[in-house]
Amino acid sequence: MKIWKKVGLLLCVVIIGLLVLTGCQSKEQKKIVRIGHNQSVNHPTHIALAAFQDYINDHLGDKYVVEVYPNELLGSQTDMVQLTQTGAIDFCIASNAILETFSKNYEIFNLPYLFASTKSYHNAMDDREITDKIFTATEKAGFLAVTWLDAGTRNFYTVKKPIESPKDLKGLKIRVQQSPTNIEMMKLLGGSATPMGFGEVYTALQSNIIDGAENNELALTDNGHGDVCKYYSYDMHQMVPDILIGNLAFIEELSDEEMVIFEEGYELVNEIQREEWIKAVEAAKQKAENEQNVRFIYPDQEPFKEACLPLHQSVLERNTEIQDIYDKIQKYNELYPSDTE
Ligand code: GCU
């Protein structure tokens, strides 16, 4: 018993010490700004956040210290969104897919074949008239989006069987992100949707719990999925952006001058990430093909598109809030119908 009393006492001293320290920090010391994400330190997202860290530390280093936590160190994306909501951390990167469970407005960017081309996608995402209503939709939940990041196009990749048409997905267990729209999309395509967090996918592939997954090319190399999956099919079913979200209270408490610097920082994240993205996709393709022996397949996209398109109608019917955004995106699709023209 005595030993437990001593341990209890020691714990109390440590906890009080920590509380005092945290109190001091907010009063006299610098505020630590914590940003979490689920990618490696080589990923364009980390490179862009490291630039943000330097920018804020250079311009507001007397008040703030930015710390970036990669590799799900702070938990899965869903965990990190919840931590950002409560203010336990200040920012995180979340895929648009999982944000759909926090606000229905995010459903729009999860629709398969929403954008006719990368040009249309980028122009739409840069248009505040399109993104504002979405980026501010979670304010009541305690967070808001401050910028978007490119996550390329999502395509199917499998361990054993190449996907040449939706028929090939029949009977296959395919990991999807934890979003109702993604689950519905898989149903329409004929595969069996297995939702799980990104960090669990590699082991699930390796142990044959799933037959494949869908993601951009970097998942093959940066996350090692190409060590297990040897077929990558460019059906191009989605362009789902990543979103930098921040705790609302933290952002609202910034002074006007600080806000300007932070906003310049968000811009920098967007610019650098997009530049790095183009290089990273090229390098990933080379590596997957030459070092991991992944075969790239270019199926006819029409049958995939036809199977998925009913989802546009059903989502728009049950969520009339996003119709105006959808219409604005169609204008960009008319302007930029393909990337080859
Ligand atoms: C991409 C995306 C991540 C996301 C992941 C996933 O890598 O950039 O934000 O978590 O896909 O499929 O879960």
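See the structure above.
Because the structure is predicted, anything quoted here is derived from the model rather than measured.

Definitions and cut-offs
- Residues numbered from 1 in each chain as written.
- Predicted model: local features only at pLDDT ≥ 70, side-chain atom pairs only at ≥ 80, totals over all residues.
- Heavy atoms only, no water.
- Pairing = 2+ DSSP bridges.
- Helix = DSSP H or I, 4+ residues; strand = E, 2+ residues; numbered from the N terminus.
- Axes fitted to C-alpha atoms, helices over the stretch in contact; angles between N-to-C directions.
- Contact = heavy atoms within 4.5 Å.
- Patch = residues over 30% accessible without salt bridge, like charges linked within 9 Å, V, L, I, M, F, W, Y side chains within 5 Å.
- Areas by Shrake-Rupley, 256 points an atom, 1.4 Å probe, with all protein chains shown as cover.
- Salt bridge = Lys/Arg side-chain N within 4 Å of Asp/Glu carboxyl O.
- Lys, Arg positive; Asp, Glu negative; His and termini not counted.
- Charge placed at Lys NZ, Arg CZ, Asp CG, Glu CD.
- Polar contact = N/O pair within 3.5 Å; in protein donor to acceptor, adjacent residues only side chain to side chain.
- Buried < 20%, exposed > 50% of the residue type's maximum accessible area, 1.4 Å probe, protein only.
- Near = heavy atom within 4 Å.
- Nonpolar A, V, L, I, M, F, W, Y, C, P; charged D, E, K, R; others polar.
- Domains from an automatic or database assignment.

A. Highlighting the sheet that holds strand β2 (residues 64–69). Taken in spatial order, the 5 strands line up as β2-β1-β3-β10-β4 in an open sheet, and their pairing is mixed. Of all strands in the sheet, those bounded by a partner on one side alone are β2 and β4 (143–149). Neighbouring strand axes in the sheet, compared pairwise and without regard to direction, differ in orientation by 25° on average. For strand β3 (residues 91–95) and strand β10 (residues 242–247), the ladder comprises 5 bridges, and the chain directions are antiparallel. In the strand pairing of β10, Ala94 is matched with Ile243. The strands touched by helix α2 (residues 44–60) are β1 (31–36), β2, β3, β4 and β10; relative to β2, the strand with the most contacts, the crossing angle is about 170°.

B. Quick look at a negative patch on the surface. Residues Glu263, Glu264, Glu267, Glu271 and Glu275 make up a contiguous surface patch of negative charge. Structurally, Glu264 can be placed in helix α11 (residues 256–290).

C. Up close: the environment of Lys230. Within the secondary structure, Lys230 sits in the loop between α9 (218–221) and β9 (231–238). As for Lys230 and Val159, which are separated by 71 residues in sequence, their C-alpha atoms are 5.8 Å apart. Setting aside residues no more than four positions away along its own chain, Lys230 makes contact with Thr158, Val159, Gln292, Asn293, Val294 and Arg295. At 3.3 Å, the side chain of Lys230 forms a polar contact with the backbone oxygen of Asp227. A distance of 2.7 Å separates a polar atom in the side chain of Lys230 from the backbone oxygen of Gln292.

D. Structural context of the pairing of β3. Counting buried positions along β3 yields 5 of 5 residues, so the element is predominantly enclosed. Of the two faces of β3, both are covered, the one formed by Phe91, Ile93 and Ser95 as well as the one formed by Cys92 and Ala94. Two strands pair when backbone bridges link them, and β1 and β3 are joined in this way by 2 bridges, in the parallel orientation. Counted as the bridge partner of Gly36 is Cys92 from β3.

E. Structural detail: the site of the ligand. Neighbouring residues of the ligand: Asn38, Gln39, Gln77, Ser95, Ala151, Arg154, Arg175, Gln177, Phe198, Asn215, Asn216 and Asp242. Residue Asn38 places a side-chain N or O atom 2.9 Å away from an oxygen atom belonging to the ligand. Tallied by class, the residues present in the shell around the ligand amount to 2 nonpolar, 7 polar and 3 charged. Split by domain, the residues of the shell around the ligand number at least three in each of domain 1 (2–150 + 240–282) and domain 2 (154–239 + 289–335).

F. Highlighting the pattern of salt bridges. Enumeration over the complete set of coordinates arrives at 12 salt bridges. Across the pair Glu107 and Arg318 runs a salt bridge whose closest N-O atoms are separated by 3.2 Å. In this pair, Glu107 sits in the loop between α4 (96–99) and α5 (118–125) while Arg318 sits in helix α13 (residues 310–318), placing the two residues 211 residues apart along the sequence. Residue classification places Glu107 among the buried residues on the basis of a relative accessible area of 0%. Connected via shared salt-bridge partners are Lys104, Glu107, Glu184 and Arg318.

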